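An overview of the molecular structure
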Amino acid sequence: MTKRVNRREFVLSGTAAVVGAASLKAVAAGAPPPGQAPVMMVKKSVKPVVISSNNGNIYKNGGDITGVAKAFNLMIGGSDVLDALIAGVNLCELDPADTSVGFGGMPNADGVVQLDSSCMHGPKKRAGAVACLEGVRTPSLVAKAVMESTDHHLLVGKGAQDFARNMGFPIEADLNTERSRKLWLEWKRRADPEHYLDPIKRSAAYYDAGLQMVKDGLIEFDHFWGTINCDGVSPKGEICGVTTTSGLAWKIPGRVGDSPILGAGLYVDGAIGAAGSTGRGEANLYNLSSFLIVENMRRGMAPKDAGMEALKRVRANTVEKRLLAKTGEPLFQLQFYVLNAKGEFAGVSLFPSKYAVCTEQGPQSLDCEPLFPNRPAQD
Ligand code: GLY
């Protein structure tokens, strides 16, 4: 039934199979066979998959299944792909045990939880995002509302919250949990003993205090920058993606990372694939890595190679001493989750870590392909 007619895989309908070779060549070039109605060109079925950062296969918000499994089941059941992915990441956003996303996400330096999210719909070629959103547990749903109900891409701060309220989202006074509040207090105690240092020293002290808490086992290395990215391709080859985060733990209020910025925290091209990230947003923003990865795939690279190429670019563009270990590796983590229109996928990272995937075989956590074999020494 199937016949490869060019680089992009198509299946010709049965009637086309009986036409002569010359006509078939013409059909392949887009012309109908002589005397017939235009032949229906149907994209060959792809292997459906949902991939995400590893928290997508950990948190269940009190239910039975993880985010990637929920998204995959909904997608296979015929839900819109983006709706399915967002329902998956909602589990992380709502679960207070995930301190990197939504309710219970690490607050900023003032102890306020500010959330960022973006989403992108491949078939509709639409996207939406919010940044510095306070008081709404599910910023991914507000990003989708921006996509569907406005002519804009990105709403921030109070404007984003007012929009969410107008769209019917409940606004809460505080998204901290007891755990996130206590961790913030511990960080404050470590970072700001004299209250004000000069700005450069203060910024270094903030960062160092956070990394020291990672070293002390209070925060996971992969969660200092928070975030879940989740991307999926349906059996029909429809591709979407969503990224949602509480951002860098104890960030300067108003700081926005890569998650809500198209081309950085997320990029989808419905004909090519999707890429998204978790990890140090600034390193990703300087390279617009998700866009770069999708463009690498457009030029023919496999998902893993496309992602590794972006990590090498990030590594090459990281030159400030404060960001490098004595041995030369970056002092931060960055991961990319990548899939293409055929359903091939990969997770890649600067240092060893896991990512989540759900296929017809069920959900699993897999090793990311690391650029460096070991995490850098933090001192
Ligand atoms: N990647 C999440 C952030 O840097 O905000």
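Here is a short report on the structure shown in this document. What you see is a predicted model, and the numbers here were worked out from it, not measured in a lab.

1. Here's the deal with the site of the ligand
- Lining the immediate environment of the ligand, one finds ten residues, of which Thr227, Arg255, Asp258, Gly279 and Gly281 sit closest.
- Within the side chain of Asp258, a nitrogen or oxygen atom sits 2.7 Å from a nitrogen atom of the ligand.
- Contact distances for the ligand include 2.7 Å between a nitrogen atom and a backbone N or O atom of Gly279.
- In the complex, 100% of the free accessible area of the ligand, which totals 200 Å², lies under the protein chains.
- Its residues assigned to classes, the shell around the ligand comprises two nonpolar, six polar and two charged.

2. Section: the packing of helix H4 (residues 81–94) against helix H5 (residues 139–149)
- The contact between H4 and H5 brings their axes to 8 Å, and the two run at 150°. With respect to their mutual orientation, H4 and H5 come out roughly antiparallel. Contact residues: H4 offers Leu82, Asp83, Ile86, Val89, Asn90 and Glu93, while H5 offers Pro139, Ser140, Leu141, Lys144 and Met147.
- A class-by-class count of the residues in the contact of H4 with H5 yields six nonpolar, two polar and three charged.

3. What to know about the pattern of salt bridges
- For the structure on display, the rule yields 13 salt bridges.
- The partner of Asp83 in a salt bridge is Lys144, with the nearest N and O atoms 3.0 Å apart. One end of the pair, Asp83, is in helix H4; the other, Lys144, is in helix H5, with 61 residues separating them in the sequence.
- Judged by its relative accessible area of 33%, Asp83 is partly exposed.
- When its relative accessible area of 15% is taken as the criterion, Lys144 is described as buried.
- Measuring nitrogen to oxygen at the nearest pair gives 2.8 Å for the salt bridge that ties Arg298 to Asp269. One end of the pair, Arg298, is in helix H10 (residues 289–298); the other, Asp269, is in strand S9 (residues 266–269), with 29 residues separating them in the sequence.
- Given the relative accessible area of 13%, Asp269 is considered buried.
- What emerges from the salt-bridge pattern is a single network uniting Asp83, Lys144 and Glu148.

Calculation criteria
- Sequence positions are assigned chain by chain, starting from 1 and proceeding in written order.
- Two thresholds apply to this predicted model, a pLDDT of at least 70 for residue-level local features and 80 or more for giving and counting side-chain atom pairs, whereas whole-chain, interface and lining totals are computed over all residues.
- For the side-chain quantities, the full set of heavy atoms in the structure was used; hydrogens and water were omitted.
- Near residues are defined by distance, with any heavy atom within 4 Å of the molecule or strand qualifying the residue.
- Distance and chemistry together define a polar contact, namely a pair of N or O atoms within 3.5 Å, with one atom able to donate a hydrogen and the other to accept it when in protein, and with adjacent residues in sequence counting only for side-chain atoms on both sides.
- Note on areas: these come from Shrake-Rupley sampling with a 1.4 Å probe, and a residue is covered only by the protein chains present in the view.
- Residues are grouped as follows: nonpolar covers Ala, Val, Leu, Ile, Met, Phe, Trp, Tyr, Cys and Pro; charged covers Asp, Glu, Lys and Arg; every other residue, Gly included, is treated as polar.
- Axis angles are defined between N-to-C directions and span 0 to 180 degrees, where every axis is a line fitted to C-alpha atoms and, for a helix, only to the segment in contact.
- Every helix listed is a DSSP run of H or I at least four residues long, and every strand listed is a run of E at least two residues long, numbered separately from the N terminus.
- Orientation categories follow fixed angle ranges, with anything under 35 degrees roughly parallel, anything over 145 roughly antiparallel, 65 to 115 roughly perpendicular, and all other angles oblique.
- Working rule for contacts: check all heavy atoms of both residues, and any pair within 4.5 Å makes them a contact.
- Counted as salt bridges are all cases of a side-chain nitrogen of Lys or Arg within 4 Å of a carboxyl oxygen of Asp or Glu.
- Type-normalised accessible area, obtained with a 1.4 Å probe on protein chains alone, sets the label of each residue: buried when under 20%, exposed when over 50%, and partly exposed for intermediate values.

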